[in-house]
Amino acid sequence: MSDTNYATAPLIRRLAAMIYDGLILIALYIMAGFAVVAVIKATNNNQFPGELPAAVNLSLMFIIAFFYYSDSWRRRNGQTVGMKAWGLKLVNDNGGMLQLSQCMLRVGIGFFSLATFGLGFFWALIDKKQRSWHDIASVSHQVFIPKEMRQKK
């Protein structure tokens, strides 16, 4: 059975996987924060000038999230750690491998969806195909692979 033939993943499973991945992202953000402080202190005579601008912080968060998700989706069979735990897989609607541009759209629209209090995610509840904003924009979607089918792969 092709991965595109599985049922669309329920929203509750997608949100649960997002929580798992959120924990990994928090750890990556903390490590990046230590690295940024170390670099700034090393180049600024062991002084830290204070708080970084919000635009810098948000850009850094976006870059880290983009690399985590795009690496997982493109190199790890369409699954992040959270998606693997919840039996989800990201598939291209065209049946091929996810393109880098699709990953950029998914992460960018995903950030926007979160900024609108999750409206882009909850859109899946009213869409006939259960697609979120980033599913629609990136021409991809998450499928649920039943446990018995996961063990065969």
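For the structure given in this document, a descriptive report is provided here. (Residues numbered from 1 in each chain as written. Predicted model: local features only at pLDDT ≥ 70, side-chain atom pairs only at ≥ 80, totals over all residues. Heavy atoms only, no water.)

**So, the overall build of the protein chain**
Along the backbone of the protein chain there are seven helices and two strands. The helix and strand sequence of the protein chain, counted from the amino end, reads α-α-α-β-α-α-α-β-α. Each of the three principal axes of the protein chain carries a C-alpha extent, and together these read 60 × 35 × 25 Å. Residues classed as buried in the protein chain amount to 33% of the 153 residues present. For the protein chain, the proportion of contacts with a sequence separation of at least 24, taken over those separated by at least 6, is 71%. In the form shown here, the protein chain has an accessible surface area of approximately 9,400 Å², with 66% of it arising from carbon and sulfur atoms. Distance between charge centres in the protein chain, computed from 16 positive and 8 negative side chains, equals 5 Å. (Helix = DSSP H or I, 4+ residues; strand = E, 2+ residues; numbered from the N terminus. Buried < 20%, exposed > 50% of the residue type's maximum accessible area, 1.4 Å probe, protein only. Contact = heavy atoms within 4.5 Å. Areas by Shrake-Rupley, 256 points an atom, 1.4 Å probe, with all protein chains shown as cover. Lys, Arg positive; Asp, Glu negative; His and termini not counted. Charge placed at Lys NZ, Arg CZ, Asp CG, Glu CD.)

**Some details on the nonpolar core**
Counting 16 residues, the largest nonpolar core has Leu-25, Tyr-69, Trp-73 and Met-83 as its most contacted members. When residues of this core are traced back to their parent elements, those giving at least two are α1 (11-43), α2 (54-75), β1 (88-92) and α4 (100-115). By residue number, the principal contributor to this core is α2, which donates six residues. With sequence-adjacent residues up to four places away left out, Leu-25 is seen in contact with Ile-64, Ala-65, Tyr-68 and Tyr-69. (Core = buried A, V, L, I, M, F, W, Y, C linked by side-chain atoms within 4.5 Å.)

**Focus on the packing of aromatic side chains**
One pass over the full model with this rule turns up seven aromatic pairs. Relative to Trp-86, the ring of Tyr-20 lies with its centre 6.1 Å away and its plane at 75 degrees, an arrangement referred to as edge-to-face. In this pair, Tyr-20 sits in helix α1 while Trp-86 sits in the loop between α3 (81-85) and β1, placing the two residues 66 residues apart along the sequence. On the basis of relative accessibility, which here comes to 39%, the residue Tyr-20 falls in the partly exposed class. Taking the relative accessible area as the measure of exposure, Trp-86 reaches 27% and is therefore partly exposed. Here the aromatic rings of Phe-62 and Phe-111 are separated by 5.3 Å at their centres, their planes lie at 70 degrees, and the arrangement is edge-to-face. Linking Phe-62 in helix α2 with Phe-111 in helix α4, this pair joins segments that are 49 residues apart in sequence. (Phe/Tyr/Trp six-rings, centres within 6.5 Å; stacked < 30°, edge-to-face > 60°.)

Any functional reading would require information that these geometric values do not contain.
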